[in-house]
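This is what each chain is made of:
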Amino acid sequence: MAKPMVSGAAAALLTLGAAVPPAAVSDEHVDPVAFVDQFEATAGKYEGFRRSGAKGICATGEFVGTPEARALSTASAFSGEPVPVIVRFSVGGANPSAPDNVRGQRNLALQFDLPGGERWQMGNISSPVFGASTPQQLFALLASREPDPETGEADPERVRAFNEANPNALLQAQYFASQPVPASYASTRYWGVSAFGFINAEGAVRYGKWVFEPEGGVQGLTDEEAEALGPDFLFDELRERVADGSGAFEFNLQLAEPGDVIDDATVALPDDRETVTLGRLEVTSVAEDAGGECLTITFNPMILPEGMKPSADPMIPARAAPYAISLSRRLTEGAKQ
Ligand code: HEM
């Protein structure tokens, strides 16, 4: 059950009987346990599965960094030597049976296993913007979509009130609605959406937002093609592409300029910002079943190598504890995918 997230001030108003808009965005810290409870209350609880990005598949890959990346950051990921990567592709949402043949979010999560036991973890999504700029706004968004136990549907008034007050939270869904159904996990762009800092040998920090661009180009399906493929085609399709050697991505960074918004994942950088290719990720194998190295790990964006730092975007640190709670729940339930 979701715990009520009521700030001290709001609680006082409630006691006085004043109207507090449902699903209002509080400025209180969001308790990570309440956060994961709210994911379950809104999106459903599927034991053993990730509370978000549940339908997924493990893969492995190799990353090679460029000289341009080395000029920006001392991170060993960019040494130019091949680096092994644990990869997980998934469909957005908590439902492990989510259909593959509908518009919406696809994810690319990565763990770079670097020399000396260093790791770099990241979760990227198939939209240039996220659906919330703060953890409080994400919590309120989820709360506004919680189904009424009577009707099984979210309260339309509550949804309307949230939407009217939070237009930036709707940009992600609008982006997905404007895109075709992805033809393949390997023909989709995946954005980091938050800015990160790249620290070079002189200690200078450049901030930027990254995107993984499919080497073979972006491919979508017509509605008829999607219908004909049915709800479960992405895993086999990926296995075929990777067996053909065509599952590679360019890792590109858009560099922020002074004055750009770099602390808000609902705001993309301007299109004309300089882009640097940081390297090439090649997916080299895909799990044959629901196992694989990605099964028992979580992708925490605070796990960064030397030479990288988070920006001031509050969504970066806010992910660490809920991911750990989701991980601990699914591990104790018996990790599945
Ligand atoms: C406070 C904000 C957020 C919360 C509370 C949250 C919560 C979660 C949870 C609970 C999981 C499942 C973790 C697991 O069991 O391993 C997850 C997965 C994921 N999240 Fe978030 N999330 C947040 C923000 C974001 C943002 C901003 C992005 C954008 C890149 C994102 C991308 C992903 C991806 C790609 C996955 C799937 C990773 C995988 O394959 O394991 N999340 N999130």
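Criteria and thresholds
- Residues numbered from 1 in each chain as written.
- Predicted model: local features only at pLDDT ≥ 70, side-chain atom pairs only at ≥ 80, totals over all residues.
- Buried ≥ 20, exposed ≤ 12 C-beta atoms within 10 Å, placed from the backbone.
- Helix = DSSP H or I, 4+ residues; strand = E, 2+ residues; numbered from the N terminus.
- Pairing = 2+ DSSP bridges.
- Near = placed C-beta within 6 Å.
- Nonpolar A, V, L, I, M, F, W, Y, C, P; charged D, E, K, R; others polar.
- Core = buried A, V, L, I, M, F, W, Y, C linked by C-beta atoms within 7 Å.
- Contact = placed C-beta atoms within 7 Å.

Caption draft 1: Representation of the pairing of strand S4 (residues 119-125). Within S4, five of the seven residues are buried, which leaves the element mostly enclosed by the surrounding structure. Across seven bridges, strand S3 (residues 106-113) lies against S4 in antiparallel orientation. Looking at the pairing, Ala109 lines up with Gly123 of S4. What sits between S3 and S4 in their antiparallel hairpin is a turn of five residues, with Gly116 showing a positive phi close to 75°.

Caption draft 2: Representation of the site of the ligand in the model. The environment of the ligand is formed by 30 residues, the closest being Gly53, Asn107, Gly123, Thr298 and Ser326. Sorting the residues of the shell around the ligand by element identifies helix H2 (32-43), strand S2 (83-91), S3, S4, helix H4 (135-144) and helix H9 (315-333) as the ones contributing at least two each. Of all the elements, H9 adds the most residues to the shell around the ligand, at eight residues. Of the residues belonging to the shell around the ligand, the class tally is 16 nonpolar, nine polar and five charged.

Caption draft 3: Examining the nonpolar core more closely. Counting residues in each nonpolar core, the largest one holds 75 residues, and the members touching the most others are Ala59, Val85, Val87 and Leu238. With six residues, H4 is the single largest residue contributor to this core. Ignoring sequence-local partners within four residues, the contact set of Ala59 consists of Val87, Phe89, Val283, Ser285, Val286 and Ala287.

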